[in-house]
Amino acid sequence: RNGGVENEKDNSESDGKEDSFDEETEIKNNSEEPEEEKAPDFTVFDSDGNEVSLSDNIGKPVIINFWASWCSPCKTELPYFNSAYEEYKDDIEFMMINLTDGLSETTEKVKDFISENEYSFPVYYDTESSAASAYETMYIPLTVFINEKGEVEDSHVGMMSEAALYNYIDQL
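About the cut-offs
- Residues numbered from 1 in each chain as written.
- Predicted model: local features only at pLDDT ≥ 70, side-chain atom pairs only at ≥ 80, totals over all residues.
- Heavy atoms only, no water.
- Helix = DSSP H or I, 4+ residues; strand = E, 2+ residues; numbered from the N terminus.
- Buried < 20%, exposed > 50% of the residue type's maximum accessible area, 1.4 Å probe, protein only.
- Contact = heavy atoms within 4.5 Å.
- Disulfide = S-S within 2.5 Å.

Student: I'm lost on the overall build of the chain in this one. Help?
Tutor: Helix and strand content of the chain: five helices and seven strands. Helices and strands in the chain line up, N terminus first, as α-β-β-β-α-β-α-β-α-β-β-α. Taking all 172 residues of the chain together, the buried fraction comes to 38%. Contacts in the chain between residues at least 24 apart in sequence constitute 70% of all its contacts with a sequence separation of at least 6.

See the structure below:
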């Protein structure tokens, strides 16, 4: 009996080379796909100090923009985001995430900046670097476009034109 089992094992090993390639490919594809597509969750704070997570907003598309008030390219594109927010706020969640480090960027400075520029989009404060870490934010501005299923559709590093922003929105 053991001989039969060994022979079956030997046969499966010889066939296994072909099968293992397919299985490894399938496993690799299955394990990588969700990681590439699923948007990493994070927790930031609203202007009242309440915790807000990306996962709270899944169910409709989300646009995440990482920015700072000292960043010239960020300041150039913020009016475009404000216009888009005014137009799409009922259909798309806008998460304008300020990289609030407590030194060069404080909650008070940002609130003043938002007020002076009369922006109406919601601002969230990444005081614990949760969002910046989740998205490995090395450069700002960084914009991430997430579909209603919570999957990353696209991202854009650097300042974008108003036309480019609306083009991304149309893709959502």
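Student: Which parts of the structure should I look at to understand the state of the cysteines?
Tutor: One way to say it: the disulfide is the covalent bond shared by the sulfur atoms of two cysteines. Evaluated as defined, the whole model comprises one disulfide. Sulfur-sulfur distance for the disulfide between Cys71 and Cys74 comes to 2.4 Å. Between Cys71 and Cys74, the S-S dihedral sits near 75°, and the bridge is therefore right-handed. The burial state of Cys71 is the same as that of Cys74; both residues are buried.

Student: Got a minute to help me understand the environment of Gly49 in this structure?
Tutor: One can find Gly49 in the loop between β1 (43-45) and β2 (51-53). For Gly49, a relative accessible area of 45% corresponds to the partly exposed category. In the structure, Gly49 is positioned 76 residues away from Tyr125 in sequence and 8.6 Å away in space, judged by C-alpha atoms.

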